[in-house]
Amino acid sequence: RISGGEKETTNNRMELMGCIVVLTAQAAFAEEDAGELVEKVVVRNRIFSVEGRWEVGGNFGLSLLTRLTNHYNLNLSVAYNPKDWFGFEVRGGYAISMQTELADDIQTEFFANNIISKANDAADLWELTAHGVGGARFQPIYGKINLMSELPVHFQFYLWIGGGVGYMKRESMVLCADPKSPRECNAFLTENKISPLVSLALGFRFFVLEGHSLKAEIRDWSYLDSYQINVDRATGAGGAPSPNAGITNLVQFDLGYAFIF
């Protein structure tokens, strides 16, 4: 026989055990929810911090707007990030450049027409070759993309502003340096110069593993243009620099990699 007091004690024990089971389950769910919450707000707590770290890397660029010239740009870079949102970068490299088929066709057809005695050369014919620039990278936006449920990719969006110097080459569209005949030219007049550069870029870099990042950007290289007008095609004399030469903009899509240490 169980007295009333013993029944009450047994009931209290059962209620206590039930409370312990419920609290344990709630704690487990709370821990799981907390993990999900941390992952959802992880962009506030950068998993991939670059503050106080150096980078070395490389880039490969392709011209987006190929009119008279085409460029394949190879760059090596060194960067330092004083802050997560700000960094300095130095780039140096060489652009493999050439005239497009359109430019070659214009050269051939125009030179074959020897009725025109005077002509203006074409704008935007300077080709970028060796070059070096330094600049500042502003990278205030940090985010995350879920490519798959188990593979979040973290990224930075950045703006790059800088300048430097480049070695340029140019091949004329109308002035022949080595005529083969009155209507054919073996070699057109070429020029070389050193010119200041301004470079701007917008891009993303994606952190795939600790210490490794991939970059994709749109980059503009700007430099002063120059060409001759009112040139005597027969003698190459009488020409004058164009007063409206302006600025050449070389727009490229770059892909790159950087090792962060």
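Draft legend 1. Region of interest: helix α2 (residues 101-112). A rise of 1.5 Å per residue sets the reference length of α2, with its twelve residues, at 16 Å; its end C-alpha atoms lie 17 Å apart and thus fit the reference within 8%. Residues of α2 that are buried include every one of A103, Q107 and F111, and no others. Buried residues in α2, looked at end-on, bunch into an arc of 50°, giving them a common side. Pointing more than 90 degrees away from the buried face of α2 are the exposed residues E101, T108 and E109. Buried-residue contacts for α2 involve β3 (86-99), β6 (151-181) and β7 (184-209).

Draft legend 2. Broad picture of the environment of L125. In this structure, L125 sits in the loop between β4 (118-119) and β5 (127-148). In this structure L125 comes out as buried when scored by relative accessible area, which is 0%. Sequence separation of L125 and K169 is 44 residues, and the distance between their C-alpha atoms is 8.4 Å. In contact with L125, other than residues within four places in its own chain, are L68, T69, Q99, K169, R170, E171, S172, M173 and D225.

Draft legend 3. Structural context of the pairing of strand β1 (residues 53-63). Of the two faces of β1, only the one carrying R53, E55, G57, N59, G61 and S63 is buried; W54, V56, G58, F60 and L62 on the other face are not. Pairing between β1 and strand β2 (residues 69-83): ten bridges, direction antiparallel. The residue of β2 that forms the bridge with V56 is V78. Taken together, β1 and the strand that follows it, β2, pair antiparallel across an intervening segment of five residues. Taken together, the nine bridges between β1 and strand β12 (residues 247-260) define a ladder with antiparallel strand orientation. For G57, the partnering residue across the bridge sits in β12 and is A258.

Draft legend 4. Seen up close, the packing of aromatic side chains. Inspection of every chain in the model, using the stated rule, returns eleven aromatic pairs. Here the aromatic residues W85, F86, F88 and F138 are joined through ring pairs into a cluster of three or more. Cation over ring: R219 sits above W221, and NZ or CZ is 5.8 Å from the ring centre.

Draft legend 5. Inspection of empty space enclosed by the protein at higher detail. Within the structure shown, the criterion is met by one cavity of 30 Å³ or more. Volume-wise, the largest cavity comes out at about 30 Å³. Every residue along the wall of the largest cavity is listed here: F48, S49, V50, R53, F207, L209, E210, G211 and I260. Partitioned by chemical class, the residues of the lining of the largest cavity number five nonpolar, two polar and two charged.

Draft legend 6. Layout of the layout of surface pockets. Here the second largest pocket is characterised by a volume of approximately 160 Å³. Forming the walls of the second largest pocket are 13 residues, and the residues nearest its centre are L65, R67, T69, D124 and N249. Of all the elements in the fold, those that place two or more residues in the lining of the second largest pocket are β2 and β12. Per-element accounting of the lining of the second largest pocket gives the leading share, four residues, to β12. Grouping the constituent residues of the lining of the second largest pocket by class yields six nonpolar, five polar and two charged.

Calculation notes
Residues numbered from 1 in each chain as written. Predicted model: local features only at pLDDT ≥ 70, side-chain atom pairs only at ≥ 80, totals over all residues. Heavy atoms only, no water. Helix = DSSP H or I, 4+ residues; strand = E, 2+ residues; numbered from the N terminus. Expected span 1.5 Å × (residues − 1). Buried < 20%, exposed > 50% of the residue type's maximum accessible area, 1.4 Å probe, protein only. Arc of directions from axis to C-beta. Contact = heavy atoms within 4.5 Å. Pairing = 2+ DSSP bridges. Phe/Tyr/Trp six-rings, centres within 6.5 Å; stacked < 30°, edge-to-face > 60°. Lys NZ or Arg CZ within 6 Å of the ring centre and 35° of its normal. 1 Å grid on protein atoms, 1.4 Å probe; cavity = no way out; pocket = protein on both sides within 12 Å on 5 of 7 lines; lining within 4 Å. Points joined across faces, edges and corners; volume = space filled by probe spheres on them. Nonpolar A, V, L, I, M, F, W, Y, C, P; charged D, E, K, R; others polar.

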